[in-house]
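What follows is the residue order along each chain.
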Amino acid sequence: MVKCVEVCLGDEMMELAGRPPIWKIYKTKTFRRFDAAAEQLFRVTEGMIKEAQKKNKDKVYSSRDEMSVLAKLTQKCGPDSTIPQVMAMDALFAGIDTTGNTSGFLCYLLGANPDKQELMYKEIMEKLPDPTQTITPAIYNELKYTKAVLQETLRMLPVVGGLGRLTTKDMVLSGHQVPSGTRVTFTSPMVMSSEEYFTEPDKFLPERWLRGCPQSKKHHPYAYIPFAHGPRMCIGRRFAELEVHVLAAELIRRYKLVYHGPPVDIITPFVNRPDKPIAMQFIRRN
């Protein structure tokens, strides 16, 4: 499944989308690879989703809060609707490369900045001193620095290169008249790395996202939108953040991350990813 996503959101996707659409007339080698990966991805996710729906079919919930998102969609749309499957497939499809690459960038930045990693480790040990203790919602809400680490990771090394919108009315942007129906692209990484909006933008400073820090909240509210904004923002934002927060906390409480390699940057086949392998060293903590 991961390999299929690498094809569908990688070089093959960019080649098909960025070059003349010869594949519409002749099935090129690139198109055949993409089509095979997409078909396999569909079959795998379809099986997983149908299995989950089967388990939910006869399950009795005492309240709606106990229901999964898939169960709620199935109840709302009906058992024969394909909408729950499509929504679940989108979540699985879009959540592999994005959270995977984000987690890799986060580990790299912590390994390359041991002082910040130590601050994060101290916070985690204060909240989770017992090695067998699990992260509860109450503890999760107190992991302020851990959450700031993810925010700073997404600012410095975002996995999404920007967002596009279709204007629905005439407007003026930076002195330019933009008519309704125009496709507008916003390259968020350029803004998130600009000295105009962030002090020392090339430095990994998670504390800039904490209340009380001199740099906190001094940037423009729309200078940091890694998940986009508005009704068409990333539908999986909350789940993605929760997933990476918990992964990072569990990882740092068990291992010290060390990185001594060259600086890592991003390349953009479709979703941003590291421009080189990240050779991390994981040292087990006592």
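A brief structural summary.

Basis of the calculations
Residues numbered from 1 in each chain as written. Predicted model: local features only at pLDDT ≥ 70, side-chain atom pairs only at ≥ 80, totals over all residues. Heavy atoms only, no water. Helix = DSSP H or I, 4+ residues; strand = E, 2+ residues; numbered from the N terminus. Buried < 20%, exposed > 50% of the residue type's maximum accessible area, 1.4 Å probe, protein only. Contact = heavy atoms within 4.5 Å. Areas by Shrake-Rupley, 256 points an atom, 1.4 Å probe, with all protein chains shown as cover. Axes fitted to C-alpha atoms, helices over the stretch in contact; angles between N-to-C directions. Parallel < 35°, antiparallel > 145°, perpendicular 65-115°, else oblique. Nonpolar A, V, L, I, M, F, W, Y, C, P; charged D, E, K, R; others polar. Salt bridge = Lys/Arg side-chain N within 4 Å of Asp/Glu carboxyl O.

Here the focus is the overall build of the chain. Per the secondary structure count, the chain includes 10 helices and 8 strands. Its C-alpha atoms give the chain principal-axis dimensions of roughly 60 × 55 × 40 Å. Every one of the 286 residues in the chain was classed for burial, and the buried ones make up 39%. In the chain, 63% of the contacts between residues at least 6 apart in sequence involve partners at least 24 apart. When the accessible surface of the chain is totalled, it reaches about 17,900 Å², and 57% of it is carbon and sulfur.

Here we come to the packing of helix H5 (residues 83-112) against helix H8 (residues 144-156). Two elements in contact, H5 and H8, have axes separated by 10 Å at closest approach and are oriented at 105 degrees. By the criterion of interaxial angle, the relationship of H5 to H8 is roughly perpendicular. Of H8, the residues touching H5 (which contributes Thr102, Phe105, Leu106, Leu109 and Leu110) are Val149, Leu150, Thr153 and Leu154. For the contact of H5 with H8, a count of residues per class yields 7 nonpolar, 2 polar and no charged.

Take the pattern of salt bridges next. Tallied over the entire structure, the rule returns 15 salt bridges. A salt bridge links glutamate 142 to lysine 127; its shortest N-O distance comes to 3.4 Å. Of the two residues, glutamate 142 is situated in the loop between helix H7 (137-141) and H8 and lysine 127 in helix H6 (residues 114-127); the sequence distance between them amounts to 15 residues. Judged by its relative accessible area of 39%, glutamate 142 falls in the partly exposed class. A residue is classified by how much of its surface remains accessible, and lysine 127, at 26% relative accessible area, is partly exposed. As a salt-bridge pair, arginine 238 and glutamate 241 come within 3.5 Å of each other at their nearest N and O atoms. One end of the pair, arginine 238, and the other, glutamate 241, are both in helix H10 (residues 237-254), 3 residues apart, so they sit about a helical turn from each other. Since its relative accessible area comes to 62%, arginine 238 is described here as exposed. With a relative accessible area of 14%, glutamate 241 lands in the buried category. Where salt bridges share partners, they join Glu152, Arg155 and Arg208 into one cluster.

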